[in-house]
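Inside the fold
Read off the chains here:
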Amino acid sequence: MSASTTMHDLTPEQPTMKWRRFDSGWMISLFGTAIGAGILFLPINAGAGGLWPLLIVTVLIGPMTYFAHRALARMVCVSRRPGDDITVVVRDFFGEGAGKLVTVLYFAAIYPIVLIYGIGITNTVDSLLVNQLGLASPPRWLLSFVLIAVLMLVMVAGQKVMIAVTEWLVYPLILILFAVTLYLIPSWKFDAALLAVPAAPELAMSVWMVIPVLVFAFNHSPAISQFSLAMKREYGAIAPDKASQILKRTTMLLVIFAMGFVWSSVLSLGPAGLDAAREANLPVLSYVANVMDNPFISYLGPAVAITAIASSFFGHYLGAAEGLAGIVRGFFDREGRIGNRTLTIAIAGFMFLTTWAAAIANPSILSLIESLAGPVIAAVLYLMPMYAIRKVPALEQYRGRISNVFVTIAGIVAVGGILISFFR
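This structure is a prediction, so every number in the text was calculated from the model and none was measured.

Some thoughts on the environment of Ser264
The topology assignment puts Ser264 in helix H12 (residues 239-280). Measuring from C-alpha to C-alpha, the distance between Ser264 and Pro43 comes to 8.8 Å, with 221 residues separating the pair along the chain. Not counting chain neighbours up to four residues away, the residues in contact with Ser264 comprise Val180, Thr181, Leu184, Ile185 and Trp188.

What follows is the structure, encoded as C-alpha coordinates:
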(Lines give C-alpha, C1' and ligand atoms only; values in the text may rest on other atoms or scores of the structure.)
Protein backbone atom coordinates (compact mmCIF):
# COMPACT_ATOMS: atom_id res chain seq x y z
CA MET A 1 0.00 0.00 0.00
CA SER A 2 1.41 3.40 -0.97
CA ALA A 3 2.00 6.23 1.47
CA SER A 4 -0.56 8.40 -0.27
CA THR A 5 -3.20 5.69 -0.06
CA THR A 6 -2.44 5.18 3.62
CA MET A 7 -2.86 8.90 4.34
CA HIS A 8 -6.15 8.95 2.44
CA ASP A 9 -7.45 5.98 4.41
CA LEU A 10 -6.50 7.58 7.74
CA THR A 11 -8.07 10.99 7.00
CA PRO A 12 -11.37 11.30 8.91
CA GLU A 13 -14.47 12.30 7.03
CA GLN A 14 -14.89 16.05 7.31
CA PRO A 15 -18.27 17.46 8.45
CA THR A 16 -20.34 18.83 5.59
CA MET A 17 -23.58 20.78 5.20
CA LYS A 18 -25.31 17.70 3.77
CA TRP A 19 -28.59 17.06 5.57
CA ARG A 20 -28.56 14.01 7.89
CA ARG A 21 -30.95 12.16 10.19
CA PHE A 22 -29.10 13.77 13.12
CA ASP A 23 -30.20 17.16 11.80
CA SER A 24 -33.80 16.01 11.35
CA GLY A 25 -33.89 14.79 14.93
CA TRP A 26 -32.86 18.18 16.27
CA MET A 27 -35.20 20.04 13.91
CA ILE A 28 -38.14 18.01 15.24
CA SER A 29 -36.99 18.47 18.85
CA LEU A 30 -36.82 22.24 18.42
CA PHE A 31 -40.23 22.24 16.73
CA GLY A 32 -41.62 20.19 19.63
CA THR A 33 -40.14 22.59 22.19
CA ALA A 34 -41.91 25.51 20.52
CA ILE A 35 -45.28 23.84 19.99
CA GLY A 36 -46.46 23.48 23.56
CA ALA A 37 -49.96 23.41 24.97
CA GLY A 38 -50.33 27.08 24.01
CA ILE A 39 -50.99 26.05 20.40
CA LEU A 40 -54.53 25.13 21.49
CA PHE A 41 -55.24 28.73 22.57
CA LEU A 42 -53.03 30.48 20.01
CA PRO A 43 -55.77 31.07 17.38
CA ILE A 44 -57.96 32.78 19.99
CA ASN A 45 -55.21 35.26 20.92
CA ALA A 46 -53.70 35.70 17.46
CA GLY A 47 -57.05 36.23 15.73
CA ALA A 48 -58.38 38.76 18.22
CA GLY A 49 -57.51 41.78 16.09
CA GLY A 50 -58.88 40.45 12.79
CA LEU A 51 -57.20 39.29 9.60
CA TRP A 52 -55.03 42.32 8.79
CA PRO A 53 -52.95 42.26 11.97
CA LEU A 54 -52.76 38.47 11.61
CA LEU A 55 -51.49 38.86 8.05
CA ILE A 56 -48.78 41.30 9.13
CA VAL A 57 -47.51 39.14 11.99
CA THR A 58 -47.58 36.04 9.78
CA VAL A 59 -45.09 37.79 7.49
CA LEU A 60 -42.96 39.01 10.41
CA ILE A 61 -42.86 36.02 12.76
CA GLY A 62 -40.75 33.78 10.51
CA PRO A 63 -37.77 36.16 10.20
CA MET A 64 -38.14 37.19 13.85
CA THR A 65 -38.00 33.59 15.05
CA TYR A 66 -35.14 32.54 12.80
CA PHE A 67 -32.81 35.51 13.31
CA ALA A 68 -33.32 35.61 17.10
CA HIS A 69 -32.69 31.91 17.67
CA ARG A 70 -29.78 31.95 15.23
CA ALA A 71 -28.11 34.74 17.22
CA LEU A 72 -28.56 32.87 20.51
CA ALA A 73 -27.11 29.69 18.96
CA ARG A 74 -24.12 31.63 17.64
CA MET A 75 -23.28 32.80 21.16
CA VAL A 76 -22.77 29.18 22.22
CA CYS A 77 -21.20 28.01 18.96
CA VAL A 78 -18.39 30.59 18.98
CA SER A 79 -17.23 29.74 22.49
CA ARG A 80 -13.71 28.28 22.37
CA ARG A 81 -14.37 25.65 25.02
CA PRO A 82 -16.41 22.78 23.55
CA GLY A 83 -18.52 22.04 26.66
CA ASP A 84 -19.63 25.60 27.49
CA ASP A 85 -23.41 25.92 27.74
CA ILE A 86 -25.23 29.25 27.73
CA THR A 87 -24.78 29.79 31.49
CA VAL A 88 -20.98 29.55 31.18
CA VAL A 89 -20.88 31.51 27.93
CA VAL A 90 -22.66 34.55 29.38
CA ARG A 91 -20.22 34.64 32.31
CA ASP A 92 -17.30 34.47 29.87
CA PHE A 93 -18.77 37.21 27.68
CA PHE A 94 -20.27 39.62 30.23
CA GLY A 95 -18.26 38.98 33.39
CA GLU A 96 -19.02 37.08 36.57
CA GLY A 97 -21.67 39.41 38.02
CA ALA A 98 -23.71 39.97 34.87
CA GLY A 99 -23.32 36.31 33.92
CA LYS A 100 -24.79 35.19 37.24
CA LEU A 101 -27.71 37.57 36.83
CA VAL A 102 -28.50 36.29 33.32
CA THR A 103 -28.26 32.68 34.55
CA VAL A 104 -30.77 33.36 37.34
CA LEU A 105 -33.15 35.13 34.95
CA TYR A 106 -32.76 32.32 32.41
CA PHE A 107 -33.76 29.73 35.03
CA ALA A 108 -36.56 31.89 36.44
CA ALA A 109 -38.10 32.30 32.98
CA ILE A 110 -38.07 28.60 32.02
CA TYR A 111 -38.56 26.68 35.28
CA PRO A 112 -42.17 27.87 35.93
CA ILE A 113 -43.15 26.61 32.48
CA VAL A 114 -41.89 23.12 33.43
CA LEU A 115 -44.24 23.27 36.43
CA ILE A 116 -47.07 24.40 34.17
CA TYR A 117 -46.56 21.42 31.89
CA GLY A 118 -46.67 19.07 34.88
CA ILE A 119 -50.02 20.59 35.87
CA GLY A 120 -51.24 20.67 32.27
CA ILE A 121 -50.53 17.03 31.38
CA THR A 122 -52.17 15.84 34.61
CA ASN A 123 -55.33 17.87 33.93
CA THR A 124 -55.47 16.83 30.28
CA VAL A 125 -55.10 13.10 30.91
CA ASP A 126 -57.58 13.25 33.82
CA SER A 127 -60.11 15.00 31.57
CA LEU A 128 -59.54 12.42 28.82
CA LEU A 129 -60.12 9.52 31.23
CA VAL A 130 -63.30 11.05 32.65
CA ASN A 131 -64.95 12.83 29.72
CA GLN A 132 -63.91 10.82 26.67
CA LEU A 133 -63.30 7.34 28.11
CA GLY A 134 -65.97 7.41 30.84
CA LEU A 135 -63.64 6.23 33.60
CA ALA A 136 -63.45 7.33 37.21
CA SER A 137 -60.94 10.05 38.00
CA PRO A 138 -57.82 8.42 39.53
CA PRO A 139 -56.18 9.87 42.65
CA ARG A 140 -54.44 13.04 41.51
CA TRP A 141 -51.24 12.30 43.42
CA LEU A 142 -50.94 8.92 41.72
CA LEU A 143 -51.82 10.08 38.20
CA SER A 144 -49.41 13.01 38.35
CA PHE A 145 -46.67 10.79 39.79
CA VAL A 146 -46.94 8.30 36.91
CA LEU A 147 -47.12 10.94 34.16
CA ILE A 148 -44.25 13.10 35.44
CA ALA A 149 -42.15 10.01 36.19
CA VAL A 150 -42.54 8.86 32.57
CA LEU A 151 -41.47 12.27 31.27
CA MET A 152 -38.51 12.35 33.67
CA LEU A 153 -37.40 8.84 32.70
CA VAL A 154 -37.09 9.99 29.09
CA MET A 155 -34.88 12.88 30.18
CA VAL A 156 -32.73 10.74 32.48
CA ALA A 157 -32.27 8.17 29.69
CA GLY A 158 -30.23 10.70 27.73
CA GLN A 159 -30.30 13.09 24.80
CA LYS A 160 -30.60 10.42 22.10
CA VAL A 161 -33.63 8.84 23.77
CA MET A 162 -35.19 12.28 24.27
CA ILE A 163 -34.77 13.13 20.59
CA ALA A 164 -36.21 9.74 19.52
CA VAL A 165 -39.27 10.08 21.80
CA THR A 166 -39.80 13.66 20.65
CA GLU A 167 -39.85 12.46 17.04
CA TRP A 168 -42.48 9.83 17.93
CA LEU A 169 -44.59 12.57 19.51
CA VAL A 170 -44.10 15.44 17.11
CA TYR A 171 -44.72 13.67 13.80
CA PRO A 172 -48.27 12.69 14.86
CA LEU A 173 -48.72 16.23 16.21
CA ILE A 174 -47.79 17.70 12.82
CA LEU A 175 -50.20 15.33 11.08
CA ILE A 176 -53.03 16.17 13.50
CA LEU A 177 -52.52 19.92 13.10
CA PHE A 178 -52.48 19.53 9.33
CA ALA A 179 -55.59 17.31 9.39
CA VAL A 180 -57.54 19.79 11.52
CA THR A 181 -56.39 22.66 9.30
CA LEU A 182 -57.81 20.87 6.24
CA TYR A 183 -60.94 19.70 8.09
CA LEU A 184 -61.92 23.29 8.93
CA ILE A 185 -61.55 24.62 5.38
CA PRO A 186 -65.19 23.91 4.32
CA SER A 187 -66.41 25.99 7.27
CA TRP A 188 -64.30 29.05 6.45
CA LYS A 189 -66.26 32.28 6.38
CA PHE A 190 -64.86 35.65 5.40
CA ASP A 191 -66.78 37.70 7.91
CA ALA A 192 -67.00 41.43 7.26
CA ALA A 193 -65.67 42.13 10.76
CA LEU A 194 -62.59 40.03 10.03
CA LEU A 195 -61.97 41.68 6.67
CA ALA A 196 -62.47 45.26 7.89
CA VAL A 197 -59.30 47.35 7.68
CA PRO A 198 -58.76 49.06 11.06
CA ALA A 199 -57.44 52.60 11.41
CA ALA A 200 -53.66 52.90 11.52
CA PRO A 201 -53.37 53.41 15.32
CA GLU A 202 -55.72 50.48 16.00
CA LEU A 203 -53.88 48.29 13.47
CA ALA A 204 -50.51 49.11 15.04
CA MET A 205 -51.80 48.34 18.55
CA SER A 206 -53.34 45.04 17.40
CA VAL A 207 -50.06 43.97 15.79
CA TRP A 208 -48.19 45.01 18.93
CA MET A 209 -50.47 42.86 21.10
CA VAL A 210 -50.29 39.81 18.80
CA ILE A 211 -46.49 39.75 18.38
CA PRO A 212 -45.73 38.67 21.98
CA VAL A 213 -48.25 35.81 21.68
CA LEU A 214 -46.54 34.48 18.58
CA VAL A 215 -43.04 35.11 19.95
CA PHE A 216 -43.71 32.67 22.76
CA ALA A 217 -45.71 30.26 20.68
CA PHE A 218 -42.65 29.95 18.41
CA ASN A 219 -40.07 30.14 21.20
CA HIS A 220 -37.64 27.20 21.38
CA SER A 221 -34.82 29.04 23.17
CA PRO A 222 -34.77 26.66 26.20
CA ALA A 223 -33.31 23.95 23.94
CA ILE A 224 -30.96 26.20 21.94
CA SER A 225 -27.97 25.89 24.27
CA GLN A 226 -27.91 22.07 24.26
CA PHE A 227 -28.69 22.11 20.54
CA SER A 228 -25.68 24.36 19.91
CA LEU A 229 -23.41 22.15 22.02
CA ALA A 230 -24.56 19.14 19.98
CA MET A 231 -23.71 21.05 16.79
CA LYS A 232 -20.20 21.80 18.11
CA ARG A 233 -19.61 18.16 19.01
CA GLU A 234 -20.92 16.89 15.69
CA TYR A 235 -19.75 19.54 13.23
CA GLY A 236 -16.84 21.41 14.80
CA ALA A 237 -15.86 24.53 12.86
CA ILE A 238 -18.99 24.59 10.71
CA ALA A 239 -21.31 24.35 13.75
CA PRO A 240 -22.66 27.93 13.39
CA ASP A 241 -23.57 27.36 9.73
CA LYS A 242 -25.12 23.97 10.46
CA ALA A 243 -27.12 25.40 13.35
CA SER A 244 -28.42 28.13 11.05
CA GLN A 245 -29.49 25.56 8.46
CA ILE A 246 -31.44 23.52 11.00
CA LEU A 247 -32.99 26.61 12.61
CA LYS A 248 -34.14 27.86 9.21
CA ARG A 249 -35.99 24.61 8.50
CA THR A 250 -37.43 24.55 12.03
CA THR A 251 -38.83 28.04 11.49
CA MET A 252 -40.35 27.02 8.17
CA LEU A 253 -42.11 24.08 9.85
CA LEU A 254 -43.46 26.34 12.56
CA VAL A 255 -44.77 28.96 10.15
CA ILE A 256 -46.41 26.41 7.84
CA PHE A 257 -48.10 24.17 10.41
CA ALA A 258 -48.70 26.47 13.37
CA MET A 259 -49.82 29.49 11.35
CA GLY A 260 -51.80 27.25 9.00
CA PHE A 261 -53.70 25.96 12.03
CA VAL A 262 -54.21 29.51 13.31
CA TRP A 263 -55.53 30.83 10.00
CA SER A 264 -57.87 27.91 9.47
CA SER A 265 -59.25 28.20 13.01
CA VAL A 266 -59.76 31.97 12.80
CA LEU A 267 -61.51 31.78 9.44
CA SER A 268 -63.69 28.90 10.62
CA LEU A 269 -64.79 30.37 13.95
CA GLY A 270 -65.02 34.04 13.03
CA PRO A 271 -65.06 36.88 15.59
CA ALA A 272 -68.14 35.54 17.43
CA GLY A 273 -66.69 32.05 17.75
CA LEU A 274 -63.33 33.35 18.94
CA ASP A 275 -65.03 35.51 21.57
CA ALA A 276 -67.19 32.60 22.70
CA ALA A 277 -64.18 30.29 22.99
CA ARG A 278 -62.34 32.95 25.01
CA GLU A 279 -65.32 33.45 27.33
CA ALA A 280 -65.66 29.69 27.84
CA ASN A 281 -61.88 29.40 28.46
CA LEU A 282 -61.82 26.48 26.04
CA PRO A 283 -59.07 25.38 23.64
CA VAL A 284 -59.96 25.88 19.99
CA LEU A 285 -60.39 22.16 19.28
CA SER A 286 -62.70 21.69 22.26
CA TYR A 287 -64.86 24.61 21.15
CA VAL A 288 -64.93 23.36 17.56
CA ALA A 289 -66.00 19.92 18.78
CA ASN A 290 -68.87 21.47 20.74
CA VAL A 291 -70.23 23.70 17.98
CA MET A 292 -69.75 21.16 15.19
CA ASP A 293 -71.00 18.20 17.22
CA ASN A 294 -68.12 16.04 16.02
CA PRO A 295 -66.95 13.43 18.56
CA PHE A 296 -63.80 12.72 16.50
CA ILE A 297 -62.57 16.28 17.05
CA SER A 298 -63.22 15.94 20.79
CA TYR A 299 -60.61 13.19 20.88
CA LEU A 300 -58.15 15.18 18.80
CA GLY A 301 -58.07 17.96 21.42
CA PRO A 302 -56.58 15.81 24.20
CA ALA A 303 -54.32 14.06 21.66
CA VAL A 304 -52.83 17.37 20.52
CA ALA A 305 -52.55 18.65 24.09
CA ILE A 306 -50.80 15.54 25.44
CA THR A 307 -48.29 15.30 22.58
CA ALA A 308 -47.65 19.06 22.59
CA ILE A 309 -47.14 19.22 26.36
CA ALA A 310 -44.84 16.19 26.42
CA SER A 311 -42.67 17.33 23.51
CA SER A 312 -42.40 20.86 24.88
CA PHE A 313 -41.66 19.59 28.39
CA PHE A 314 -38.41 17.98 27.18
CA GLY A 315 -36.99 21.16 25.68
CA HIS A 316 -37.97 23.30 28.66
CA TYR A 317 -36.53 20.75 31.08
CA LEU A 318 -33.19 21.00 29.26
CA GLY A 319 -33.16 24.77 29.70
CA ALA A 320 -34.32 24.74 33.32
CA ALA A 321 -31.85 22.03 34.35
CA GLU A 322 -29.06 23.90 32.59
CA GLY A 323 -29.98 27.14 34.36
CA LEU A 324 -30.16 25.45 37.77
CA ALA A 325 -26.77 23.79 37.23
CA GLY A 326 -25.35 27.20 36.31
CA ILE A 327 -26.74 28.70 39.53
CA VAL A 328 -25.24 25.90 41.66
CA ARG A 329 -21.85 26.17 39.97
CA GLY A 330 -21.83 29.97 39.95
CA PHE A 331 -23.03 30.64 43.50
CA PHE A 332 -22.33 27.56 45.63
CA ASP A 333 -19.74 25.33 43.96
CA ARG A 334 -17.25 27.42 42.03
CA GLU A 335 -14.47 24.94 42.87
CA GLY A 336 -16.36 22.07 41.23
CA ARG A 337 -16.47 19.83 44.30
CA ILE A 338 -19.82 18.38 43.21
CA GLY A 339 -19.40 15.89 40.38
CA ASN A 340 -21.38 16.34 37.18
CA ARG A 341 -23.26 13.06 37.64
CA THR A 342 -24.17 13.88 41.24
CA LEU A 343 -25.39 17.34 40.25
CA THR A 344 -27.43 15.96 37.36
CA ILE A 345 -29.16 13.44 39.65
CA ALA A 346 -29.82 16.08 42.30
CA ILE A 347 -31.32 18.46 39.74
CA ALA A 348 -33.50 15.67 38.30
CA GLY A 349 -34.77 14.88 41.81
CA PHE A 350 -35.54 18.55 42.49
CA MET A 351 -37.33 18.98 39.17
CA PHE A 352 -39.39 15.82 39.68
CA LEU A 353 -40.46 16.61 43.24
CA THR A 354 -41.35 20.24 42.59
CA THR A 355 -43.21 19.46 39.35
CA TRP A 356 -45.10 16.64 41.10
CA ALA A 357 -45.98 18.96 44.00
CA ALA A 358 -47.26 21.62 41.59
CA ALA A 359 -49.34 19.03 39.71
CA ILE A 360 -50.94 17.83 42.96
CA ALA A 361 -51.64 21.38 44.17
CA ASN A 362 -53.05 22.36 40.75
CA PRO A 363 -52.76 26.13 41.24
CA SER A 364 -54.32 28.58 38.81
CA ILE A 365 -51.07 30.36 38.00
CA LEU A 366 -50.73 29.88 34.25
CA SER A 367 -51.50 33.44 33.12
CA LEU A 368 -49.54 35.06 35.95
CA ILE A 369 -46.40 32.98 35.44
CA GLU A 370 -46.49 33.39 31.66
CA SER A 371 -46.82 37.16 32.06
CA LEU A 372 -43.93 37.36 34.51
CA ALA A 373 -41.67 34.96 32.58
CA GLY A 374 -42.51 36.49 29.20
CA PRO A 375 -40.46 39.70 29.33
CA VAL A 376 -37.41 37.79 30.58
CA ILE A 377 -37.63 35.20 27.79
CA ALA A 378 -37.99 37.94 25.17
CA ALA A 379 -35.02 39.86 26.59
CA VAL A 380 -32.82 36.75 26.74
CA LEU A 381 -33.82 35.57 23.27
CA TYR A 382 -33.90 38.85 21.35
CA LEU A 383 -31.94 41.54 23.17
CA MET A 384 -29.08 39.72 24.97
CA PRO A 385 -27.59 38.17 21.78
CA MET A 386 -27.75 41.52 20.00
CA TYR A 387 -25.89 43.18 22.87
CA ALA A 388 -23.33 40.37 22.80
CA ILE A 389 -22.76 40.77 19.06
CA ARG A 390 -22.20 44.46 19.60
CA LYS A 391 -19.79 44.12 22.54
CA VAL A 392 -18.07 40.70 22.46
CA PRO A 393 -14.96 40.37 20.22
CA ALA A 394 -15.66 36.68 19.49
CA LEU A 395 -18.93 37.70 17.78
CA GLU A 396 -17.42 40.61 15.84
CA GLN A 397 -17.88 38.81 12.50
CA TYR A 398 -21.66 39.08 12.90
CA ARG A 399 -21.80 42.86 13.37
CA GLY A 400 -23.14 45.41 10.90
CA ARG A 401 -26.03 43.32 9.56
CA ILE A 402 -29.56 44.57 8.95
CA SER A 403 -30.92 41.44 10.65
CA ASN A 404 -29.41 42.67 13.93
CA VAL A 405 -31.40 45.90 13.73
CA PHE A 406 -34.53 43.92 12.87
CA VAL A 407 -34.12 41.56 15.87
CA THR A 408 -33.39 44.43 18.25
CA ILE A 409 -36.54 46.30 17.22
CA ALA A 410 -38.58 43.08 17.39
CA GLY A 411 -37.25 42.40 20.89
CA ILE A 412 -38.16 45.87 22.12
CA VAL A 413 -41.64 45.50 20.60
CA ALA A 414 -42.11 42.05 22.16
CA VAL A 415 -40.97 43.07 25.63
CA GLY A 416 -43.05 46.26 25.47
CA GLY A 417 -46.13 44.41 24.27
CA ILE A 418 -45.91 41.85 27.08
CA LEU A 419 -45.49 44.50 29.74
CA ILE A 420 -48.40 46.54 28.40
CA SER A 421 -50.70 43.49 28.18
CA PHE A 422 -49.76 42.56 31.74
CA PHE A 423 -50.51 45.97 33.24
CA ARG A 424 -53.62 46.77 31.17
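Digging into the nonpolar core
If you look at the biggest cluster of nonpolar residues, it comprises 137 residues, and the most contacted ones within it are Ile39, Met75, Phe227, Phe313, Phe314 and Leu395. Among the elements that line this core, the one with the most residues is helix H14 (residues 295-332), at 17 residues. In contact with Leu395, not counting residues within four places along its chain, are Arg74, Met75, Val78, Phe93, Ala388 and Ile389.

Quick notes on the pattern of salt bridges
Across all of its chains, the model carries three salt bridges by this definition. As a salt-bridge pair, Lys242 and Asp23 come within 2.9 Å of each other at their nearest N and O atoms. With Lys242 in helix H12 and Asp23 in helix H2 (residues 21-34), this pair connects stretches of sequence that are 219 residues apart. Comparing Lys242 with Asp23 shows no difference in burial state: the two are buried. When the shortest N-O distance is used, the salt bridge between Glu96 and Arg91 registers 3.8 Å.

Section: a nonpolar patch on the surface
There is a patch of nonpolar side chains on the surface, built from Trp141, Leu142, Phe145, Val146, Val150 and Ile360 and spanning about 530 Å² of accessible area. When residues of the nonpolar patch are assigned to their parent elements, the largest contribution, five residues, is made by helix H7 (residues 140-157). Here Leu142 shows up in helix H7.

So, the confidence of the model for the chain
Overall, the prediction assigns the chain a mean pLDDT of 83, with 88% of residues at 70 or greater. Across residues 1-12, confidence stays below pLDDT 50; counting only partners more than four residues off in sequence or on other chains, it has two contacts.

Here we look at helix H15 (residues 340-361)
A rise of 1.5 Å per residue sets the reference length of H15, with its 22 residues, at 32 Å; its end C-alpha atoms lie 31 Å apart and thus fit the reference within 8%. Every buried residue of H15 is listed here: Leu343, Ile347, Ala348, Met351, Phe352, Thr355, Ala358 and Ala359. The buried residues of H15 occupy one face: seen down the axis, they fall within an arc of 165°. Of the residues in H15, the exposed ones pointing more than 90 degrees away from the buried face are Ile345, Leu353 and Ala361. Looking at the buried side of H15, the elements it contacts are helix H6 (96-132), H7 and H14. Two residues or fewer past H15, Asn362 is found with a positive phi of approximately 55°.

Rules and cut-offs
Residues numbered from 1 in each chain as written. Predicted model: local features only at pLDDT ≥ 70, side-chain atom pairs only at ≥ 80, totals over all residues. Heavy atoms only, no water. Helix = DSSP H or I, 4+ residues; strand = E, 2+ residues; numbered from the N terminus. Contact = heavy atoms within 4.5 Å. Core = buried A, V, L, I, M, F, W, Y, C linked by side-chain atoms within 4.5 Å. Buried < 20%, exposed > 50% of the residue type's maximum accessible area, 1.4 Å probe, protein only. Salt bridge = Lys/Arg side-chain N within 4 Å of Asp/Glu carboxyl O. Patch = residues over 30% accessible without salt bridge, like charges linked within 9 Å, V, L, I, M, F, W, Y side chains within 5 Å. Areas by Shrake-Rupley, 256 points an atom, 1.4 Å probe, with all protein chains shown as cover. pLDDT = per-residue confidence, 0-100. Expected span 1.5 Å × (residues − 1). Arc of directions from axis to C-beta.

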